[in-house]
Number of protein chains: 2
Amino acid sequence: MEDQTKSRSRATSYDVARLAGVSQSAVSRCFKPGASVSKKMREKVMAAATELNYQPNAIARGLITRRSNLVAVLVSSQMNFYYPEVLFQLTDRFSQQGLRVLLFTINEEADVEDAINQVWQYQADGVISASYLSIEQHTLLQDRHIPVVMFNRYFADLPTNSIWCDTEGATDVMIRHLRDFGHKKFGLIEGPDYSMVNRERMRLVRQAIKMQGGNIVAEARGNYRYESAAAATQTLMESSVRPSAIIAANDMMAMGALDELKNVMGRSVPGDVSVVGFDGIGAARFASYELTTIRQPIGRMAEAAVNMMLTRIEKPETSMEKRVLTGSFIQGTSTGPATT
Amino acid sequence: MEDQTKSRSRATSYDVARLAGVSQSAVSRCFKPGASVSKKMREKVMAAATELNYQPNAIARGLITRRSNLVAVLVSSQMNFYYPEVLFQLTDRFSQQGLRVLLFTINEEADVEDAINQVWQYQADGVISASYLSIEQHTLLQDRHIPVVMFNRYFADLPTNSIWCDTEGATDVMIRHLRDFGHKKFGLIEGPDYSMVNRERMRLVRQAIKMQGGNIVAEARGNYRYESAAAATQTLMESSVRPSAIIAANDMMAMGALDELKNVMGRSVPGDVSVVGFDGIGAARFASYELTTIRQPIGRMAEAAVNMMLTRIEKPETSMEKRVLTGSFIQGTSTGPATT
DNA sequence: AGCAAATTTGCATTCGAATGCAAATCTTAT
DNA sequence: ATAAGATTTGCATTCGAATGCAAATTTGCT
């Protein structure tokens, strides 16, 4: 009989109150940290709660408090190993802070609209976007007073809450490293033009090459994915002046380039050509690649994103902030002396 | 003035009702598919809703309907490329079905308990577990009438809703393939013992080898991760009888083994040793690996999981079901003739 | 037009927890 | 023991949408 009651439908704060012989408000208070409850009361209530397997209903709580404790995370579903690493980091850290992650994978533009609607419907307390977001979409969220933290992107002409990885110093080190190996002829594999991460990385690479000497003898564009690097690498290597070092806008393409060179074109890396990437994803450390790259401190970036989000949620009117962490140069074995 | 009203606080169904000059119930009905509303009414309401930027509050709706439209997905956060692929597939498909994904990453046993509590608090409509779940935890969810679908695991002695990938046929083909290449001496790199996927894969491998001839001359155990394969591979290759083919319990370890052989031990693959794995993850197709493997039809498995979940949610008392899809043998270039 | 049947609409209540305020209880000091 | 103050408790209301039921309206038919 009792078992039935227990399992037939879930216990509410009223059930607990009745069993403990107190009011519903008392039960509510016992589950609210920092509320004023006497020791005796707390014991009675907790005993009853345990007996009935009671846990406060987050939905009802969300309705009255207007805090869902849900954070929407938008990630691109493109099979780039960078996103899963970021996602898992964010999720772990949000959990620790008592926030749940509502996941939205973005395949195409239209998915963003949809995600934003859901965010609104579910009263998500905030949005972390590690995916493309237009100014209009960003503004829409702002208008609705939903804190947004952009992960690895921001708007140049608009204040935004963002986490960014500065690679300027590391890029200089990387180019220095290549120059020290005697490289003068560089080939670039760019990422998609809409990606500001790509634009910024390429800008810094060009700038560093200009400062430290050397020429960009060939360029090609990929889409950040492994597969896209094959054609780009072909293009570079068919250039009238062949590059001795290939700089890819991310590790996935660097891996694709390296594979194309070694396994398809029969070149040795770094013997014939050196290859570098950006991101420092886990797979870049695999022995077949051991990429020289610039690592983003993903853990610290995620931590910063989570902290920033918590701040915005607590104090919504805090002014916008851009937190910039620095990437670091990682020397692998995909770079070596230029052959003459 | 109007703008302020709009942005100061979100519009509710009452606001829409007032503006449209109808009752709140009418507004509610307009947003419920299949409700009885006249055309005129719908137009009036929709116009007002658009004007006020109204979207029904999913939290309030969830409270009264007792359906949150949230599905909890539990995935191991271990950096195995298999999980992200599964996760993104599931999320995409749930979104299409109007269900949101509440993501829980599981690092350690204790995280599961926590996730289950959150599931209960958020009234998740169901749980997909692609992570370890004890019988007790499973039972707890059952008792609470929360549908659970196990992804790639089930309990032998307990009926469960599960999606499973049968690799028996493909394993036979794989061993046949190796036997045809003249391999007789096999080395196994097992996954963790608690993993039933591992146990089953290894059981079928042993069975196939027994049936088709050949010997298992060495065994070692890894933890499914890339890094763990290095030591395991060393162990196998130091065995008194050296294996000519290495069978790893998943692709990540196969990749680790292949790298250890080629890049650390200086062996050629498949020249000196052949290597095979399981899963058919994207990275296994990279040119540096091109693993011979057994692919799980992840897309179809995710689809099946989502369908099963929908069924359980609609009709909770539907009897348990185990849906089994078959894996397929994929021939890569990591296998070749045995050298004598 | 007139009446029955079918459809549409509104009223009032409900879901479960949180909280401002007043009432009740407990402390403490004299 | 008593008054003043501090703490604890309960009452009643609130959040926003859904829904059973009855009232109002529309439709169809003669």
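Parameters and conventions
Residues numbered from 1 in each chain as written. Chains lettered and ligands numbered in written order. Predicted model: local features only at pLDDT ≥ 70, side-chain atom pairs only at ≥ 80, totals over all residues. Helix = DSSP H or I, 4+ residues; strand = E, 2+ residues; numbered from the N terminus. Buried ≥ 20, exposed ≤ 12 C-beta atoms within 10 Å, placed from the backbone. Contact = placed C-beta atoms within 7 Å. Least-squares fit on C-alpha atoms with pLDDT ≥ 70 in both. Near = placed C-beta within 6 Å. Nonpolar A, V, L, I, M, F, W, Y, C, P; charged D, E, K, R; others polar. Pairing = 2+ DSSP bridges. Axes fitted to C-alpha atoms, helices over the stretch in contact; angles between N-to-C directions. Domains from an automatic or database assignment. Right-handed = clockwise from strand over helix to strand, strands pointing away. pLDDT = per-residue confidence, 0-100. Parallel < 35°, antiparallel > 145°, perpendicular 65-115°, else oblique. Left-handed = near helix turned anticlockwise from the far one by under 90°. Arc of directions from axis to C-beta.

## Considerations on the overall build of chain A
Then comes step 1: On a plain count of helices and strands, chain A comes out with 13 helices and 12 strands.
Then comes step 2: For the C-alpha atoms alone, the extent of chain A along its principal axes is close to 90 × 40 × 35 Å.
Then comes step 3: Looking at chain A residue by residue over its 340 residues, the buried ones come to 48%.
Then comes step 4: If you take every contact in chain A between residues at least 6 apart in sequence, the share linking residues at least 24 apart comes to 70%.

## Quick word on the relation of the copies chain B and chain A
One copy of the chain maps onto the second through a rotation around an axis plus a translation along that axis.
Then comes step 1: Superposing chain B onto chain A takes a rotation of 180 degrees plus a shift of 0.0 Å along the axis, which leaves an RMSD of 0.0 Å. A rotation of that kind, with that shift, is consistent with a two-fold axis. Proximity to the rotation axis, assessed at the C-alpha, singles out L102(B) in chain B; its C-alpha lies 2.4 Å from the axis.
Then comes step 2: When the interface residues of chain B are mapped onto chain A, 100% of them again lie at the interface, so the same face is used by both copies.

## A short note on the environment of M211(B)
Then comes step 1: Of note, M211(B) is situated in helix α10 (residues 196-212).
Then comes step 2: With 94 residues separating them in the primary sequence, M211(B) and N117(B) have C-alpha atoms 47 Å apart.

## Quick word on the protein's contact with DNA strand C
Then comes step 1: Of all residues adjacent to DNA strand C, which total 27 residues, the nearest are T12(A), S13(A), S25(A), S28(A) and M41(B).
Then comes step 2: Taken together, the elements giving at least two residues each to the surface near DNA strand C come down to α3 (24-30) and α5 (58-65) of chain A together with α3 (24-30), α4 (39-52) and α5 (58-65) of chain B.
Then comes step 3: Tallying contributions element by element places α5(A) first for the surface near DNA strand C, with five residues.
Then comes step 4: Looking at side-chain class alone, the surface near DNA strand C contains 11 nonpolar, 12 polar and four charged residues.

## Section: the sheet that holds strand β8 (residues 245-248) of chain B
All names here are of chain B.
Then comes step 1: If you walk across this open sheet you meet the four strands as β7-β6-β8-β9, and the pairing is parallel. Looking along the sheet, the strands with just one partner apiece sit at the ends: β7 (215-221) and β9 (274-276). On average, each strand axis in the sheet is inclined to that of its neighbour by 20 degrees, with strand direction left out of account.
Then comes step 2: Alignment of strand β6 (residues 185-190) against β7, held across six bridges, turns out to be parallel. The residue bridging G187 from the neighbouring strand is A218, located in β7.

## A few points about the domain arrangement of chain A
Residue and element names in this part refer to chain A.
Then comes step 1: Domain annotation for chain A reports domain 1 (2-56), domain 2 (65-165 + 298-324) and domain 3 (168-296).
Then comes step 2: With centres defined by C-alpha atoms, the gap from domain 2 to domain 3 works out at 30 Å.
Then comes step 3: Contributing elements (two or more residues each) for the side of domain 2 that touches domain 3: α6 (82-96) and α13 (298-314).

## As for the protein's contact with DNA strand D
Then comes step 1: Around DNA strand D, the structure places 27 residues, and the nearest of them are A26(A), M41(A), T12(B), S13(B) and S25(B).
Then comes step 2: For the surface near DNA strand D, the secondary structure elements donating two or more residues are α3, α4 (39-52) and α5 of chain A together with α3 and α5 of chain B.
Then comes step 3: It is α5(B) that contributes the most residues to the surface near DNA strand D, five residues altogether.

## Quick word on unusual backbone geometry
Then comes step 1: A cis amide bond, omega 10 degrees, links V269(A) with the succeeding residue P270(A).
Then comes step 2: One non-glycine residue with positive phi stands out, namely H145(B), at about 60 degrees.
Then comes step 3: By C-beta crowding, H145(B) is classed as exposed, having 12 other C-beta atoms within 10 Å.

## Overview of the pairing of strand β8 (residues 245-248) of chain A
Residue and element names in this part refer to chain A.
Then comes step 1: Of the two faces of β8, the one holding A245 and I247 and the one holding I246 and A248 are both buried throughout.
Then comes step 2: Note: β8 against strand β9 (residues 274-279), three bridges, orientation parallel. Pairing of I246 across the sheet is with V275, part of β9.
Then comes step 3: Taken together, β8, helix α12 (residues 251-264) and β9 constitute a β-α-β crossover, and its handedness is right-handed.

## Here's the deal with the confidence of the model for chain A
Then comes step 1: Across chain A, the average pLDDT comes to 93, with 97% of residues at or above 70.
Then comes step 2: Low pLDDT (under 50) marks residues 1-7 of chain A, which in the prediction has three contacts with non-local residues, meaning those over four places away or in another chain.

## Let's talk about the interface of chain B and chain A
Then comes step 1: The interface is formed by 40 residues belonging to chain B together with 40 residues belonging to chain A.
Then comes step 2: Listed by contribution, the elements that provide at least two residues to the side of chain B that touches chain A are α5, α6 (82-96), β2 (100-106), α7 (109-121) and α12 (251-264) of chain B.
Then comes step 3: Taken together, the residues of the side of chain B that touches chain A sort by class into 20 nonpolar, 16 polar and four charged.

## Regarding the packing of α5(A) against α5(B)
Then comes step 1: Two elements in contact, α5(A) and α5(B), have axes separated by 9 Å at closest approach and are oriented at 135 degrees. Judged by the angle between their axes, α5(A) and α5(B) are oblique. With respect to the hand of their crossing, α5(A) and α5(B) are arranged in left-handed fashion. Across from I59(A), A60(A), G62(A) and L63(A) in α5(A), the residues of α5(B) making contact are I59(B), A60(B), G62(B) and L63(B).
Then comes step 2: Taken together, the residues that form the contact of α5(A) with α5(B) break down as six nonpolar, two polar and no charged.

## A few points about α7(B)
What sets the pattern is the α-helix's 3.6 residues per turn: residues three or four places apart point alike.
All names here are of chain B.
Then comes step 1: If you check which residues of α7 are buried, you get A115, I116, V119 and W120. Seen end-on, α7 carries its buried residues on one side only, within an arc spanning 140 degrees. What points out from α7, more than 90 degrees from its buried face, is the exposed set A110, D114 and N117.
Then comes step 2: In this structure, the buried side of α7 is in contact with β1 (70-76), β2, β3 (126-130) and α8 (135-143).
Then comes step 3: Of the residues trailing α7, Q123 is marked for its positive phi of about 55 degrees.

## Describing the environment of S244(B)
Residue and element names in this part refer to chain B.
Then comes step 1: You can see S244 is positioned in the loop between α11 (228-237) and β8.
Then comes step 2: Residue classification places S244 among the buried positions, given that 23 C-beta atoms sit within 10 Å.
Then comes step 3: Each C-alpha atom of the pair S244 and L178 lies 9.7 Å from the other, and the pair is 66 residues apart in sequence.
Then comes step 4: Once you skip the residues sitting within four places of it in the chain, S244 turns out to touch H183, K185, V273, S274, A338 and T339.

## Some remarks on the packing of helix α9 (residues 168-180) of chain A against helix α10 (residues 196-212) of chain A
All names here are of chain A.
Then comes step 1: Put simply, α9 and α10 touch, their axes get as near as 9 Å, and they point 50 degrees apart. With respect to their mutual orientation, α9 and α10 come out oblique. In this structure, the crossing between α9 and α10 has a hand that is right-handed. In this structure, α9 contributes E168, T171, D172, I175, R176 and R179 to the contact, and α10 contributes L204, V205, A208, I209 and Q212.

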